[in-house]
Amino acid sequence: MDEMKKYLFDQRDKLDVEPAPSAAVWEQIMQHTVPVRKPVFSLTVRWVAAACIIMLVGLAIFLLRNNKPKPDVTSVKTTPSITPNPVTPKKLDTATREPAPAIVKTNHSSELVAKLQHKALKLKKVLTKKPALSPIDEMENGYAAIINSQLKQLESTPIYAESADYFHVFKKQWYDLEKDEQRIKQDLKTFGFTDSMIEQLLNLYKQKLLLLKQLQSEINKMNNRVKQIPGIHQNNPSYLKM
Amino acid sequence: MEQAIDILTANVRKASQGDVNARAMLYSRFSQKMFSICVRMSGNRSDAEDLLQDGFIHAFNNLKQLKDYNLFEPWLRKIVINECIRHVKRSASWQELNEELMDISDNENIDWIKDINFEQIHQEIKNLPGGCREVFNLYVIEDYSHQQIADLLNITVSTSKSQYHRARMLLKERLKQFADYG
């Protein structure tokens, strides 16, 4: 068994340490790749539309169920007037039946009012309740949670042998993405949700995540290299602030 | 991890539909790794940039042929290696070496190499002479057999083996020198 071959093959990913190529390579690639016609409605937009329709249907069903009228309380409650009051049966026996319903009604009317008030309050809450989050909001919240988590991890990673300014290229890219995000969100408020804007926003979140992952990877690689070089001091590490 | 794979497959799908941002993301994610392969194969950055460029152009123009988007990376790697092999066939010249003079055992102790950092190993592979450098990369890093290398480079199996032994001997000398003197 060729031990050297086995060792190098198993570690081949660690050999990929060549500094990045020049920017001109990407420009050439862009010029020579064939553009492809985009579909009018992307799959994402179709899924979002389907999710919106399902949510609207669900909300409508929920509201209808809550607004369903309850049976008339008075008609139910007057029936006890026919049956004698167990506490004072004699009184009911002597009294005529006609006043009895009035007494029961009076006793139950306050209950009825309380119940109606409670129902009205519930209905008010339902009607004034904030609508469930749209799929767009849910998507945004999801991505924001992941991005924030990655960012926290990055900003808590110590950097040895270099200052945080070493990664100024990544920071610039990050700031550019943040500016783009603000611009897209402003456009969404102005023009509403369109297919291309939803796509742009999705792509932007993905780019942010990719950038954070790349930066984390660069920092990890650098720290690993430092650990391999004897004599390099690992005191006073710096920390990145995005 | 699953999320990372989902993001990758989503990007590949969008890239196959012509999305420029998705292609840019794939390029930024894989360019450094593929460039390292090109540099090790060609021995210089200038040729490597041309090979990288051709590899990505071919990949993006034929992305619809990829059925399983999870396999984008190995598929791209294959394309880039093929570009490198085409370059080698145009430029390399082969000399037959006496295999009997290559006195290296396959089972020799390689603990010395584990103390050398990978940047240095990468540099020394890159600096190997043409001919043996390409065979070394294909045999060791890309795990091609000598028969496959011989077929791809239009050389004999014996030439492939002797070039590999030569590369290994040179690499060992240079890396040990580095280990001894820094």
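Conventions adopted
- Residues numbered from 1 in each chain as written.
- Chains lettered and ligands numbered in written order.
- Predicted model: local features only at pLDDT ≥ 70, side-chain atom pairs only at ≥ 80, totals over all residues.
- Heavy atoms only, no water.
- Helix = DSSP H or I, 4+ residues; strand = E, 2+ residues; numbered from the N terminus.
- Buried < 20%, exposed > 50% of the residue type's maximum accessible area, 1.4 Å probe, protein only.
- Areas by Shrake-Rupley, 256 points an atom, 1.4 Å probe, with all protein chains shown as cover.
- Phe/Tyr/Trp six-rings, centres within 6.5 Å; stacked < 30°, edge-to-face > 60°.
- Lys NZ or Arg CZ within 6 Å of the ring centre and 35° of its normal.
- Core = buried A, V, L, I, M, F, W, Y, C linked by side-chain atoms within 4.5 Å.
- Contact = heavy atoms within 4.5 Å.
- Axes fitted to C-alpha atoms, helices over the stretch in contact; angles between N-to-C directions.
- Left-handed = near helix turned anticlockwise from the far one by under 90°.
- Nonpolar A, V, L, I, M, F, W, Y, C, P; charged D, E, K, R; others polar.
- Expected span 1.5 Å × (residues − 1).
- Salt bridge = Lys/Arg side-chain N within 4 Å of Asp/Glu carboxyl O.
- Polar contact = N/O pair within 3.5 Å; in protein donor to acceptor, adjacent residues only side chain to side chain.
- Parallel < 35°, antiparallel > 145°, perpendicular 65-115°, else oblique.
- pLDDT = per-residue confidence, 0-100.

## What to know about the overall build of chain A
Here's step 1: Assigned secondary structure in chain A consists of nine helices and zero strands.
Here's step 2: Written out in order from the N terminus, the α and β elements of chain A read α-α-α-α-α-α-α-α-α.
Here's step 3: Burial statistics for chain A: of 242 residues in total, 27% are counted as buried.
Here's step 4: Taken as a whole, chain A presents about 16,600 Å² of accessible surface, with 61% of it coming from carbon and sulfur.

## Some remarks on the overall build of chain B
Here's step 1: Each helix and strand counted, chain B has eight helices and zero strands in total.
Here's step 2: Counting only residues that meet the buried cut, chain B has 54% of its 182 residues in that class.
Here's step 3: Accessible area for chain B stands at about 8,400 Å²; split by element, carbon and sulfur atoms hold 44% of it.

## Some words on the packing of aromatic side chains
Here's step 1: Summed over the entire model, instances satisfying the criterion amount to 10 aromatic pairs over all chains.
Here's step 2: Here a set of aromatic residues connected by ring pairs shows up, and it is made of Trp26 of chain A together with Tyr27, Phe56 and Phe60 of chain B.
Here's step 3: For lysine 5 of chain A, the ring lying beneath its charged end belongs to tyrosine 139 of chain B, and the centroid distance is 3.8 Å.
Here's step 4: For lysine 208 of chain A, the ring lying beneath its charged end belongs to tryptophan 174 of chain A, and the centroid distance is 4.8 Å.

## Description of the nonpolar core
Here's step 1: Formed by 64 residues in total, the largest nonpolar core has its most connected members in Phe56, Phe72, Ile113, Ile121 and Phe136 of chain B.
Here's step 2: Examining the composition of this core, we find that 10 residues originate from one element, helix α2 (residues 20–42) of chain B, more than from any other.
Here's step 3: If near-sequence neighbours (up to four positions away) are discounted, phenylalanine 136 of chain B is found in contact with Leu8 of chain A together with Ile125, Leu128, Ile141, Tyr164, Ala167, Arg168 and Leu171 of chain B.

## Some details on the packing of helix α2 (residues 23–32) of chain A against helix α3 (residues 45–61) of chain B
Here's step 1: Running from N to C, α2 of chain A and α3 of chain B cross one another at 35°; their axes reach a closest spacing of 9 Å. Seen from above, α2 of chain A lies across α3 of chain B with right-handed handedness. For the pair α2 of chain A and α3 of chain B, the contacting residues are Val25, Trp26, Gln28, Ile29 and His32 of chain A in the first and Glu49, Leu52, Gln53, Phe56, Ile57, Phe60 and Asn61 of chain B in the second.
Here's step 2: When its residues are assigned to classes, the contact of α2 of chain A with α3 of chain B shows seven nonpolar, four polar and one charged.

## Let's talk about unusual backbone geometry
Residues and elements named next belong to chain B.
Here's step 1: Phi at aspartate 143 is positive, roughly 65°, even though this residue is not glycine.
Here's step 2: Phi at asparagine 154 takes a positive value of approximately 55°, unusual for a residue other than glycine.
Here's step 3: Of note, asparagine 154 is situated in the loop between α7 (146–153) and α8 (157–181).

## Notes on α3 of chain B
Here's step 1: Here α3 of chain B spans 24 Å end to end across 17 residues, near enough to the 24 Å set by a 1.5 Å rise per residue.
Here's step 2: Taken as a whole, α3 of chain B has its buried residues at Ala48, Glu49, Leu51, Leu52, Gln53, Gly55, Phe56, Ile57, Ala59 and Phe60 of chain B.
Here's step 3: Where the residues of α3 of chain B are buried, they touch α2 of chain A together with α2 and α4 (72–91) of chain B.

## Re the interface of chain B and chain A
Here's step 1: Counting residues at the interface gives 58 residues for chain B and 43 residues for chain A.
Here's step 2: Inspection of the region where chain B meets chain A yields nine salt bridges.
Here's step 3: Taken together, the connections running from chain B to chain A amount to 22 residue pairs in polar contact (both at pLDDT 80 or more).
Here's step 4: Elements with a contribution of two residues or more to the side of chain B that touches chain A: α1 (2–16), α2, α3, α5 (118–126), α6 (132–141) and α8 of chain B.
Here's step 5: Ranked by residues supplied to the side of chain B that touches chain A, first place goes to α2 of chain B with 14 residues.

## Remarks on the side chain of glutamate 83 of chain B
Residue and element names in this part refer to chain B.
Here's step 1: Along the chain, the position of glutamate 83 falls in helix α4.
Here's step 2: Looking at glutamate 83, the relative accessible area reads 9%, which means it is buried.
Here's step 3: Setting aside residues up to four positions removed in sequence, glutamate 83 forms contacts with Leu51, Asp54 and Gly55.

## Considerations on the packing of α6 of chain B against α7 of chain B
Residue and element names in this part refer to chain B.
Here's step 1: Contact geometry for α6 and α7: axes closest at 10 Å, N-to-C directions at 140°. Our classification of the angle between α6 and α7 gives oblique. Regarding α6 and α7, the two cross each other, and that crossing is right-handed. Across from Val135, Leu138 and Tyr139 in α6, the residues of α7 making contact are His146, Ile149 and Leu153.

## Structural notes on the confidence of the model for chain B
Here's step 1: Of all residues in chain B, 88% have pLDDT values of 70 or greater, and the mean over the chain is 88.
Here's step 2: The ipTM assigned to the predicted complex is 0.87, against a pTM of 0.52.

## A look at the confidence of the model for chain A
Residue and element names in this part refer to chain A.
Here's step 1: The share of residues in chain A with pLDDT of 70 or more is 66%, and the mean pLDDT across the chain is 74.
Here's step 2: For chain A, per-element mean pLDDT is lowest for helix α5 (residues 89–94), which scores 46, and highest for α2, which scores 92.
Here's step 3: In the model, residues 75–105 has pLDDT below 50 throughout and makes 10 contacts with residues more than four positions away in sequence or in other chains.

## Quick look at the pattern of salt bridges
Here's step 1: Counted by the stated rule, this structure contains 19 salt bridges over all chains.
Here's step 2: Here aspartate 143 of chain B ties to lysine 5 of chain A by a salt bridge, and the two come within 3.0 Å at their closest N and O atoms. Residue aspartate 143 of chain B is located in the loop between α6 and α7, and its partner lysine 5 of chain A is located in helix α1 (residues 3–10); the two belong to separate chains.
Here's step 3: Accessibility expressed as a relative area gives 41% for aspartate 143 of chain B, which makes it partly exposed.
Here's step 4: Overall, the relative accessible area of 14% leaves lysine 5 of chain A in the buried class.
Here's step 5: Residue lysine 6 of chain A pairs with aspartate 10 of chain A through a salt bridge whose shortest N-O separation is 3.2 Å. Of this pair, lysine 6 of chain A and aspartate 10 of chain A both sit in helix α1, four residues apart, which is roughly one turn of that helix.
Here's step 6: Residue classification places lysine 6 of chain A among the partly exposed residues on the basis of a relative accessible area of 40%.

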